[in-house]
Structures are given as C-alpha cells and as structure tokens.
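Listed below are the residues making up each chain.
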Amino acid sequence: SALIDIYEMTKTYFMGHQRVDALRGVSLSIKQNEYVAIMGPSGSGKSTLMNMLGCLDTPSSGTYHLNGQDVSKLSDDELAGVRNKEIGFVFQTFNLLPRSTCLSNVELPLIYAGMPADERRKRAIEMLESVNLGDRIYHRPNELSGGQRQRVAVARALINNPSIILADEPTGNLDSKTGVEIMRLFEKLYLGGNTIIVVTHEEEIAAHARRIIRLRDGLLESDTLVENPTLAT
Ligand code: ADP
Ligand code: ADP
C-alpha cells in the first residue's frame, strides 16, 4: 500500500468571523521512493498541505494514512511522536542552532530518540560525511556557506532514517549554483531509495522531481509525471 494516502482532505482556518478554506478536498497518494514536487501560486494551500504531510497539524476533515497509520485525528503529542519517527524536515531558512557545531546540530534528533552518546556521535559524523561535510564537523553555522548550511540541515533531516524527506523551498535562500548542489544531494537520496517531497515555486527546481502536483485555491489542479527530469550532476 501507499506510504502516503490522503483522502478528501480539507483544512479550514477560522480567524474571528473570517473563514479560510485552505484545502477544499484533496486526495492523493504517494508511494515509497517517489520524488514529488508540490507547486502552486501563493495562497493555494502548499504550506497547509506541507503541514499536514509533516504531521505538524491535522485536517479539518478527510483522512491521512501515513505508513498505514491513520494520523488524521491524533493528539499533538501523538503527532509529535509520528513526526520524529517518520519525517525529516528541510526548511528554507535551514533552522540550525546557531551556537552549536554541525555535529551537535545533526546529533540533536538522536538525543531526543535516547541514543547513547558514542553511537550518536558516530552516526552524526557518518551522516555529515555522506553530505560531504566530513571536514566541517566542528564548524558552526555562521562559519559555513549557505549550501553547506543546507547540507547540514539535510544531514539532520536524515539522521533518524525517516520515511519521508519533506523540504519547504529548500533552495529559496540559495543562489542558483548552490541550489543545484542541494538538488544533486536530493537526486542521490532519491536514487538511494528515499521518498522526497519538495514544495517549491520554482519550475527549474520542480523539474528535478519525477512527479509534479499543482494546487490551486485549495484543490489539486494537476498531478503529472515529469517526462525528462533535470538530472542534477
Ligand atoms: P501557500 O503555501 O500556497 O502560499 P498557505 O497554505 O500558506 O498557501 O495558505 C492557504 C490559505 O490559507 C491562504 O489564504 C492563507 O492566508 C490561509 N492560511 C494559512 N495558514 C493560516 C493560518 N494559520 N490561519 C489562518 N489562515 C491561514
Ligand atoms: P514558511 O511556510 O513560512 O516558509 P517554515 O517553512 O519555516 O514556514 O515552517 C513551516 C511550518 O513548520 C510552520 O508551521 C512552522 O511552525 C513549522 N516549523 C518550523 N520549524 C520547525 C522545526 N524545526 N520543527 C518542527 N516544525 C517546524
């Protein structure tokens, strides 16, 4: 069965008397080892869908099965548990701890998972090596380039071996040359069997994915396979 199964999902925000239907009935399924871009104009519901996919919030109606588990009605604590186990987040703004070394940043999710210190350290170093930052483990974020920071963030996202890598405008703060570096890393992860979902408004970034889902006004406008994906090399 699918890794992600979303059925007739809606999300309505209420702000005083105002009601915003951010998602108005979205159904979609994503299998393991897919590489998906989510696109759409500003306000079309991308962040809302991303928050649902990442178990940061629950839908107003409809269902979301993740790895066979219905996560659409979980409590905040239960959601946090699923999130830590299943989701690796990569954000536009990197979200690294500024005073901590790369090693500490990447280790952090393992501390929450209760892993012993020496094992944690070993895993974090291996992960930093796999994103070609083996020579930067004691650097702090402000001692790194944007692309290096984002690679630290990717290493941190991967450290728990998540089912899904969820990236929100991962190249948004990078110049295009550095952005390609991140897309090259995603390509490698995809070929290695990972499931990657990237929210982006850049067609050139989406062209690296194998499938593009477009939202408009809270609805799924199109869902297409990419015939000739850009292969970042
Ligand atoms: P996108 O990411 O595509 O720009 P969003 O999912 O952020 O779209 O927003 C979809 C709609 O929902 C917009 O009209 C936005 O103003 C509204 N919205 C998003 N988050 C909230 C919130 N927390 N409270 C109220 N309205 C929201
Ligand atoms: P935006 O959509 O404005 O670019 P972000 O991508 O930074 O915002 O965050 C998207 C969502 O993820 C927000 O609801 C935010 O509260 C949440 N979030 C941000 N950083 C983290 C984090 N480190 N861990 C978990 N959730 C986060």
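Computed from a predicted structure; not experimentally measured.

Asker: Residue-level account of the overall build of the chain, with values.
Answerer: The helix and strand tally for the chain stands at 7 helices and 10 strands. Here the C-alpha atoms of the chain give a radius of gyration of 18 Å, agreeing with the 17 Å that 2.2 N^0.38 yields for 233 residues. If you line up the chain on its principal axes, its C-alpha atoms span 50 × 40 × 40 Å. A buried classification covers 49% of the 233 residues belonging to the chain. Taking the intrachain contacts of the chain between residues at least 6 apart in sequence as the baseline, contacts between residues at least 24 apart amount to 66%. A total of about 11,500 Å² of accessible surface is found on the chain, and carbon and sulfur atoms cover 48% of it. Taking the 25 positively charged and 29 negatively charged side chains of the chain as two groups, their mean positions are separated by 4 Å.

Asker: Mind laying out the site of ligand 2, listing which residues take part and the relevant values?
Answerer: Taken together, Ser 47, Asn 51, Leu 56, Phe 91, Asn 95 and Asp 168 make up all the residues around ligand 2. Ser 47 places a polar side-chain atom, nitrogen or oxygen, 3.5 Å from an oxygen atom of ligand 2. Separating a nitrogen atom of ligand 2 from a side-chain N or O atom of Asn 95 is a distance of 2.8 Å. Considering ligand 2 on its own, with 560 Å² of exposed area, one finds that the protein chains cover 48% of that surface.

Asker: Now, about the sheet that holds strand β10 (residues 219-225): what can you tell me, with residues and values included?
Answerer: Strand order in the open sheet formed by 6 strands is β6-β7-β8-β3-β9-β10, and the pairing between neighbours is mixed. Unpaired on one side and paired on the other, β6 (87-91) and β10 mark the two borders of the sheet. Pairwise comparison of adjacent strand axes, ignoring direction, gives a mean angle of 15 degrees for this sheet. Where strand β3 (residues 35-39) lies against strand β8 (residues 196-199), 4 bridges are found, and the strand directions are parallel. From the neighbouring strand, Ala 37 faces β8, where its bridge partner is Val 198. The sheet contacts of helix α2 (residues 76-86) involve β6 and β7 (164-168), and relative to β6 the element is tilted by about 80 degrees.

Asker: Requested: an account of the confidence of the model for the chain, with residues and values cited.
Answerer: On average, residues of the chain score 95 in pLDDT, and 100% of them are at 70 or above. Confidence metrics for the complex model read pTM 0.88 and ipTM 0.72.

Rules and cut-offs
- Residues numbered from 1 in each chain as written.
- Chains lettered and ligands numbered in written order.
- Predicted model: local features only at pLDDT ≥ 70, side-chain atom pairs only at ≥ 80, totals over all residues.
- Heavy atoms only, no water.
- Helix = DSSP H or I, 4+ residues; strand = E, 2+ residues; numbered from the N terminus.
- Rg over C-alpha atoms; globule rule 2.2 N^0.38 Å.
- Buried < 20%, exposed > 50% of the residue type's maximum accessible area, 1.4 Å probe, protein only.
- Contact = heavy atoms within 4.5 Å.
- Areas by Shrake-Rupley, 256 points an atom, 1.4 Å probe, with all protein chains shown as cover.
- Lys, Arg positive; Asp, Glu negative; His and termini not counted.
- Charge placed at Lys NZ, Arg CZ, Asp CG, Glu CD.
- Near = heavy atom within 4 Å.
- Polar contact = N/O pair within 3.5 Å; in protein donor to acceptor, adjacent residues only side chain to side chain.
- Pairing = 2+ DSSP bridges.
- Axes fitted to C-alpha atoms, helices over the stretch in contact; angles between N-to-C directions.
- pLDDT = per-residue confidence, 0-100.

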